[in-house]
Amino acid sequence: MTGKKKPLSARAQRREAERAAVKHVRDRERLASLEPGGSPERPIAITSASEVEVAARGMPCARCSGEVRVDEHLAETVGTSRLRIARVVCPACGARRSIYFRLGAGLPN
Ligand SMILES: [Zn+2]
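Since we're looking at a predicted model, the values are computed, not measured.

Colleague: Honestly, the pattern of salt bridges in this entry has me stumped. Any pointers?
Modeller: Side-chain pairing between opposite charges can occur once the charged atoms of the two side chains come close. Applying the stated criterion across every chain, the model contains seven salt bridges. Here Lys 23 makes a salt bridge to Asp 27, at a shortest N to O gap of 3.1 Å. Of this pair, Lys 23 and Asp 27 are both found in helix 1 (residues 10–34), four residues apart, which corresponds to roughly one turn of the helix. Two residues, Arg 30 and Asp 27, come together in a salt bridge whose shortest N-O distance is 2.9 Å. Here the residue Arg 30 and the residue Asp 27 both occupy positions in helix 1, the gap between them amounting to three residues, near one helical turn.

Colleague: Sorry if this is basic, but what is going on with the coordination of the zinc ion here?
Modeller: Ideal values differ by geometry: the angle at a metal is 109.5 degrees with four tetrahedral donors, but 90 or 180 degrees with six octahedral donors. Of the protein atoms, only Cys 61 (SG), Cys 64 (SG), Cys 90 (SG) and Cys 93 (SG) coordinate the zinc ion, at distances of 2.3 Å. The coordination sphere of the zinc ion comprises four donor atoms, whose angles at the metal cover 104 to 116°; the geometry is tetrahedral. Written as a sequence motif, the donor residues of the zinc ion are C-x2-C-x25-C-x2-C. Here Cys 93 lies in the loop between strand 3 (81–89) and strand 4 (96–103) and Cys 61 lies in the loop between helix 2 (51–57) and strand 2 (69–78), a separation of 32 residues in the sequence. Here Cys 61 falls in the buried class, since its relative accessible area comes to 5%.

Colleague: Where do I start with the environment of Ala 62 in this structure?
Modeller: For Ala 62, the location among the structural elements is in the loop between helix 2 and strand 2. For Ala 62, a relative accessible area of 14% gives the class buried. Counting along the chain gives 35 residues from Ala 62 to Asp 27, while the straight-line C-alpha distance between them is 9.6 Å. Not counting residues within four places of it along the chain, the set of residues in contact with Ala 62 comprises Arg 28, Glu 29, Ala 32 and Arg 97.

Colleague: Mind showing me how you'd approach the confidence of the model for the protein here?
Modeller: Note: predicted coordinates in regions of low pLDDT should not be interpreted at a detailed level. Scored by pLDDT, the protein comes out at a mean of 89, with 91% of its residues at no less than 70. Highest mean pLDDT in the protein belongs to helix 2 (96); lowest belongs to helix 1 (90).

Calculation rules
- Residues numbered from 1 in each chain as written.
- Predicted model: local features only at pLDDT ≥ 70, side-chain atom pairs only at ≥ 80, totals over all residues.
- Heavy atoms only, no water.
- Salt bridge = Lys/Arg side-chain N within 4 Å of Asp/Glu carboxyl O.
- Helix = DSSP H or I, 4+ residues; strand = E, 2+ residues; numbered from the N terminus.
- Donors = N, O, S within 2.8 Å, 3.2 Å for Na, K, Ca; no water.
- Tetrahedral: all angles 85-135°; square planar, octahedral: opposite > 155°, others 65-115°.
- Buried < 20%, exposed > 50% of the residue type's maximum accessible area, 1.4 Å probe, protein only.
- Contact = heavy atoms within 4.5 Å.
- pLDDT = per-residue confidence, 0-100.

Right, here's the structure in full:
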């Protein structure tokens, strides 16, 4: 960073950048919730519960794109759907999220 043209204070610049970063993170997290697996309404179809952790680990952190690890693996039945929920945490930035799966892929919904 050389040659200051605008006398915008460093603090104002930093605040601006922080605001942009926060907005960016929110957008990314919102987008992630719309992706397959991001909500109970959009579970990822799987045929076996053993696929849950592999698939969950394959989805990068919604906040920093880092590698996540699976904290918990829960089973839940919603209506007639047998859902599996992987709670993942990103060791890099600490972001947590739940990824939803539906067992019994191939059956008519
Ligand atoms: Zn992260």
